[in-house]
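# Descriptive structure summary
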Amino acid sequence: METKPTEIASSKMFEGYNKRYKHFSPSLGCSMTFHIYFPPSSPSHKFPVLYFLSGLTCTDENFIIKSGAQRAASAEGIALISLDTSPRGLNVEGEADSWDFGVGAGFYLNATQEKWKNWRMYDYVVKELPKVLSENFPQLDTSKSSISGHSMGGHGALTIYLKNLDKYKSVSAFSPIVNPINCPWGQKAFTNYLGDDKAAWEEYDATCLISKFHDVSATILIEQGEDDKFLHDQLLAHKFEEACRSVNAPLLLRLQPGYDHSYFFISTFIDDHIRHHAQALKL
C-alpha cells in the first residue's frame, strides 16, 4: 500500500501541466486519486496552493476538465489541487444506493458512526493531503494555501476554512450548502454519518460556525446563480448571509441572474475566484 503518490496521467495546458496521482490514504483506508495543475515555472520557484472541493457525485476530474480554472491559475502562478469526494472501493453495504450519500458524497466531515468510519474526508483534506503534498512536491508552498469548492464542496470549503483560519489565507464557494442542518441533503448525510447528536451536526455547518469563528482576514466570496433549482430548499445562501451580518463577518455574496448550478456557471466566474485567492496568497 503505497502512500507516496504515483503519477498516472499528465496533460499540458496553458504552458503548465495537469497531473493526476494515485496514493493510498491511511485516513480513508483506500486508494485515492487527486489532480494538481502546475503553472509554468522556473526550477526554484514555489507555488501557493488552491484546493478545490467538488460536489455530490463528482470525482477529482470534474473541476480539472470542466472549470477552465487553469487559464487564470497559469497567469497568477497558483497551483490547483482537485481531489475526490469520498473514499472508494470499500464495499460498505449501501454505499452506492443513492447519489447524495456514501460514495461521491463524503460531505468533508469525519463520520462517527461505526459503519461509515472510513468516511474521514475532513482529516484527509485538512491533515493528510497537505502533508502528502509538502513531502512529495517541493515546487509547492503548502504554507500558502487557500480553499474553494462547489455545492457540497462549497460547504466543505467554508467549514474547513472557518475551523482552520490559521491554515488558509482565503475562501470562496460556488453555490454552497451553507446550512446543512436545515436542508434535506445535509440532514440525510449528517444523520447517517454523525448520528442524532445535533451538536455534532453544527460543527459542520457554516451558518452555525460563523458565529464562533468570524475573525476572518479576507472577505468570504460566494457565487450563487439565481436560477439554481437547489437555491431555496438545499443551499439557503440567505441563512449564511444573515449569520455573517449578525457578527460583522466580511461576506461578498454575488447573486448572478439566469445562472444555474452547473459547471457552465462555475467556468463563467472562476477567473474572479482565482484572482480573489491570488490577492490573499500573495500578501
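Residues numbered from 1 in each chain as written. Predicted model: local features only at pLDDT ≥ 70, side-chain atom pairs only at ≥ 80, totals over all residues. Heavy atoms only, no water.

### Describing the packing of aromatic side chains
Inspection of every chain in the model, using the stated rule, returns 18 aromatic pairs. Ring geometry for Phe52 against Phe63: centres 3.8 Å apart, planes inclined by 10°, an arrangement best described as stacked. Remark: Phe63 occurs in helix α1 (residues 61–66) and Phe52 occurs in strand β4 (residues 47–53); sequence separation between them is 11 residues. Here the aromatic residues Tyr21, Phe34, Phe38 and Phe137 are joined through ring pairs into a cluster of three or more. For the cation-ring pair, Lys163 lies above Tyr122, with the distance from its terminal atom to the ring centre recorded as 5.0 Å. In this structure, Lys198 is placed above the aromatic ring of Trp201, and the distance from its NZ or CZ to the ring centre is 4.9 Å. (Phe/Tyr/Trp six-rings, centres within 6.5 Å; stacked < 30°, edge-to-face > 60°. Helix = DSSP H or I, 4+ residues; strand = E, 2+ residues; numbered from the N terminus. Lys NZ or Arg CZ within 6 Å of the ring centre and 35° of its normal.)

### Thoughts on the nonpolar core
Core analysis: the biggest nonpolar cluster contains 72 residues, and Phe34, Leu83, Phe107, Ile147 and Tyr193 have the highest contact counts within it. Take this core: its biggest share by element is 8 residues, from helix α3 (residues 121–136). With sequence-adjacent residues up to four places away left out, Phe107 is seen in contact with Leu56, Thr85, Asp100, Met152, His155, Ile177, Trp185, Gly186, Ala189, Phe190 and Tyr193. Counting residues in each nonpolar core, the second largest holds 18 residues, with Tyr37, Leu80, Phe174 and Phe269 among its members. (Core = buried A, V, L, I, M, F, W, Y, C linked by side-chain atoms within 4.5 Å. Buried < 20%, exposed > 50% of the residue type's maximum accessible area, 1.4 Å probe, protein only. Contact = heavy atoms within 4.5 Å.)

Geometry only, nothing functional implied.
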